Amino acid sequence: MAYVRTMQNKKGISYKIEVSNGYDSNGKKIRKTTTYVPDPYMTKKQQEKALHKFVFEFEGKVKSGNYMRGEKITLEKFVQEWIAAFAEIQLERTTFHAYLHVIEQIIIPSLGQIKLSKIRPYDIEKFYISLIQDGARHDGKPGGYSYGSICRFKIILSSILSTAVHWELIDSNPCHKAKIPKLSRQREKIKYFTVEQTRCFLKFLDERCELFKPQPSAENSISAIKDADTYVMQIQYRAFFQIAIFGGLRKGEILALEWHHIDFEHSKIHIKQSACYIKGKIVIKEPKTKGSIRTVTLPQSVIQVLEEYQREQNLYKKRLDSKWKGKNWLFIQSDGNIMHINTPYNKFHKLIKEYNRKATEKEQLPILSLHALRHTNASLLVRSNKVDTKTISKKLGHSDMITTMKYYIHSYEESEQETANILECMLNKE
């Protein structure tokens, strides 16, 4: 028979449950204990009923030999086992390191000391609520986490607890019943350049690149060589941002491009790999999804820029001679090695600030993330009313069209309104 003892502490009432299960080989009584914390959202009568059910089930598990180790092990301890036996083996490298970062910085500090079997939907919902509070971010940025970030954290936590269920350490996954607070469930507006802003930025890239172009000179002077070296570094940024805007590629996909991925004859670019940053070094891996392995057609104007850039890079490589350390990368550091993962982001912001210093207030460009150029590509294609969702989804490398529509629903809504306005103008010409 189970023995139940009521315990009162600062957090409220809980119940310690003890069940005897015979004797061991030394004649010592075998006792299994657990603690039950009632759901505060329940009425007193509901709590009593839930307690009786929990005690009955716990006693049954002990008597039948199905008592789970989840009663004794904390989430933090279990995560260590999960990492060694599952995550390191099953997860792709970048996914593993992304999960590890979230686990160490966000999940463990909040839930790590709770026994695995005692994690309730209530605990997880409290965890979600804490994440939206001002000052919750571990990176020191103001405010709390976005709804999208909390959804990502939920996926990671749920994956861990689902493995615990699969290994029969707990009966069920409490994440399945825990809801993310509605307060944080506002749709996050995708940020991107408008048509006019995109035109201004591209024009600025062209004009700026021309300023660095070396003047024809018969002399092979030191100053002429320095000008040429500067120019090759500038034209690569022009090429990088044009590919981002016209191709809609992810940053890692652009950084991982090699010259044999460019089909100059057919104006196409083949995306077969991606660059990421793991433990202080750049790693080349397969793209994000199977759909991310794709071929994207670029405008002839972008191909022409790439042709010029290739010529300039080849000359630069000859000038460096033995100092060239690179492979066959499109986008490089000064020694020919692959461009650093943070360089495009930093350069993008510098270019916007440089443009804004000379622009009028009306012409100012917003300071956006580098990924916003990918959003710009997709949003402008959607709003054009000339490209179907399937084609856009394939170009972006999304796993399906639903992903595309989910991310760019705001553009579809604007496109529908513009379509309605066009039809109105056609039918009300008089």
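Further up the page is the structure itself.
Just so it is clear, the model here is predicted, and its values are computed rather than measured. (Residues numbered from 1 in each chain as written. Predicted model: local features only at pLDDT ≥ 70, side-chain atom pairs only at ≥ 80, totals over all residues. Heavy atoms only, no water.)

1. Notes on the layout of surface pockets
Spelled out, the test is: The definitions used throughout rest on a 1 Å grid laid over the protein atoms alone, on which a cavity is an enclosed set of points accommodating a 1.4 Å probe that cannot get out and a pocket is an open set flanked by protein within 12 Å on both sides along at least five of seven lines; lining residues are those having an atom within 4 Å of a point. Grid points are joined across faces, edges and corners, and a volume is the space filled by probe spheres set on the points. Here a strand is any run of E in DSSP of at least two residues, a helix any run of H or I of at least four, and the numbering for each starts at the N terminus. All amino acids are sorted into three groups, where Ala, Val, Leu, Ile, Met, Phe, Trp, Tyr, Cys and Pro are nonpolar, Asp, Glu, Lys and Arg are charged, and the leftover types, Gly among them, are polar.
Put simply, the second largest pocket is a space of about 1,600 Å³. Along its surface, the second largest pocket is lined by 47 residues, and Val37, Lys118, Ile119, Arg120 and Asp123 are the ones closest to its centre. Taken together, the elements giving at least two residues each to the lining of the second largest pocket come down to strand 2 (12–23), strand 3 (29–36), helix 1 (44–64), helix 3 (93–111) and helix 4 (121–131). Of the residues in the lining of the second largest pocket, the class split is 21 nonpolar, 12 polar and 14 charged.

2. Structural notes on unusual backbone geometry
Trans peptide bonds make up the majority, and among non-glycine residues the majority have a negative phi. Cut-off, in case you're wondering: Three exposure classes are used, based on accessible area relative to the maximum for each residue type with a 1.4 Å probe and protein chains only: buried under 20%, partly exposed in between, and exposed over 50%.
Here Ser267, not a glycine, exhibits a phi torsion of approximately 55°, which is positive. Inspection of the secondary structure assignment puts Ser267 in the loop between strand 4 (262–263) and strand 5 (268–271). A relative accessible area of 10% means that Ser267 is categorised as buried. Notably, Asp321 is not glycine yet its phi reads approximately 55°, a positive angle. Structurally, Asp321 is set in the loop between helix 9 (300–320) and helix 10 (343–358). Accessibility expressed as a relative area gives 60% for Asp321, which makes it exposed.

3. Concerning the packing of helix 4 against helix 5 (residues 147–166)
Just so we agree on the cut-off: Only the contacting stretch of a helix is used when fitting its axis, a line to C-alpha atoms as for every element, and angles between N-to-C directions run 0 to 180 degrees. Just so you know how the angles are binned, under 35 degrees is roughly parallel, over 145 roughly antiparallel, 65 to 115 roughly perpendicular, and the rest oblique. For any pair of crossing helices, the crossing counts as left-handed if the nearer helix is rotated counterclockwise from the farther one by less than a right angle, and right-handed if it is rotated clockwise. Pairs of residues are marked as contacts when any of their non-hydrogen atoms sit within 4.5 Å.
Packing of helix 4 against helix 5 brings their axes to within 11 Å, and their N-to-C directions diverge by 150°. Between helix 4 and helix 5, the crossing angle belongs to the class labelled roughly antiparallel. Helix-helix and strand crossings are classified by hand; for helix 4 and helix 5 the assignment is right-handed. Where helix 4 approaches helix 5, its residues Ile124, Phe127, Tyr128 and Leu131 are matched on the opposing element by Ile150, Phe153, Lys154, Leu157 and Leu161. For the contact of helix 4 with helix 5, the per-class residue count stands at eight nonpolar, no polar and one charged.

4. Describing the nonpolar core
For the record, the criterion: Here, nonpolar core refers to any group of buried Ala, Val, Leu, Ile, Met, Phe, Trp, Tyr and Cys residues whose side-chain atoms link them within 4.5 Å.
One finds Phe201, Phe241, Ile243, Ile269, Leu306 and Phe331 to be the most contacted residues of the largest nonpolar core, which totals 55 residues. Counting only elements with at least two residues in this core, the list comes to helix 6 (195–212), helix 7 (222–247), helix 8 (251–255), strand 5, helix 9, helix 10 and helix 11 (372–383). Ranked by residue count, the leading element in this core is helix 7, at 11 residues. Residues within four places of Ile243 in sequence aside, it is in contact with Gly248, Leu249, Ile254, Leu257, Ile269, Leu298, Val302, Leu306, Leu330 and Phe331. Grouped together as the second largest cluster of nonpolar side chains are 36 residues, Ile73, Ile103, Ile124 and Ile156 included.

5. Some remarks on the side chain of Glu308
How we decide: By the criterion applied in these results, polar contacts are pairs of N or O atoms within 3.5 Å in which, for protein atoms, one can donate a hydrogen and the other can accept it, and in which residues neighboring in sequence qualify only through two side-chain atoms.
Mapped onto the elements, Glu308 comes out in helix 9. Taking the relative accessible area as the measure of exposure, Glu308 reaches 14% and is therefore buried. Reaching out from Glu308, the side chain makes a polar contact with the side chain of Tyr231 at a distance of 2.5 Å. Ignoring sequence-local partners within four residues, the contact set of Glu308 consists of Lys213, Tyr231, Ile235 and Arg238.

6. Here's the deal with the sheet that holds strand 4
Spelled out, the test is: DSSP calls a pair of strands paired once it identifies at least 2 bridges connecting them.
Read from one edge to the other, the open sheet built from three strands follows the order 4-5-8, with strand pairing classed as antiparallel. Looking at which strands have only one partner, the edges of the open sheet turn out to be strand 4 and strand 8 (294–297). Here two bridges tie strand 4 to strand 5, and the two strands are oriented antiparallel to one another. Note that in strand 5 the partner of Ile262 across the bridge is Ile269.

7. Things to note about the sheet that holds strand 3
If you trace the three strands from one edge of the open sheet to the other, you get 1-2-3, paired in antiparallel fashion. Looking at which strands have only one partner, the edges of the open sheet turn out to be strand 1 (2–9) and strand 3. Across this sheet, the average inter-strand angle for adjacent strands is 25°, counted without regard to direction. Sheet topology places strand 1 next to strand 2; eight bridges connect them, and they run antiparallel. Bridge pairing in strand 2 links Gln8 to Ile13.

8. Quick look at the pattern of salt bridges
What counts here: Any Lys or Arg side-chain nitrogen found within 4 Å of a carboxyl oxygen on Asp or Glu counts as a salt bridge.
Tallied over the full model, the rule gives eight salt bridges. Residue Lys213 is joined to Glu308 by a salt bridge in which the shortest nitrogen-to-oxygen separation is 3.6 Å. A residue pair is termed long-range when its members are at least 10 positions apart, and Lys213 in the loop between helix 6 and helix 7 and Glu308 in helix 9 qualify at 95 residues. Ionic contacts of the salt-bridge type, sharing partners, join the residues Arg250, Glu253 and Arg294 into one network.

9. Section: the pairing of strand 8
The alternating pattern of strand 8 places Arg294 and Val296 on a buried face, while none of Thr295 and Thr297, on the opposite face, is buried. Pairing analysis gives four bridges linking strand 5 to strand 8, with the strands arranged antiparallel. Note on strand 8: the bridge partner recorded for Ile271 is Arg294.

10. A look at the packing of aromatic side chains
Think of a pair of aromatic rings as described by two things: how far the centres are apart, and how the planes are tilted against each other in angle. Cut-off, in case you're wondering: Think of it this way: a Phe, Tyr or Trp ring, Trp meaning its six-membered ring, pairs with another when their centres are within 6.5 Å, and the plane angle makes it stacked under 30 degrees, edge-to-face over 60, tilted otherwise.
A full pass over the atoms with the stated rule returns 16 aromatic pairs. Taking 6.0 Å as the distance between ring centres and 15° as the angle between the ring planes, the aromatic pair formed by Tyr309 and Phe331 counts as stacked. In this pair, Tyr309 is assigned in helix 9 and Phe331 in the loop between helix 9 and helix 10, connecting sequence segments 22 residues apart. Overall, the relative accessible area of 0% leaves Tyr309 in the buried class. On the basis of relative accessible area, Phe331 is assigned to the buried category, the value being 0%. Seen in terms of ring centroids, Tyr316 and Trp324 are 6.4 Å apart; in terms of plane orientation they differ by 75°. Their pairing is edge-to-face. Using a relative accessible area of 5% as the deciding quantity, one classes Tyr316 as buried. Site record: aromatic cluster; members linked through ring pairs are Phe193, Phe201, Phe240, Phe241, Trp259, Phe264, Tyr309, Phe331 and Phe348.

That's the geometry; what it means functionally is another story.
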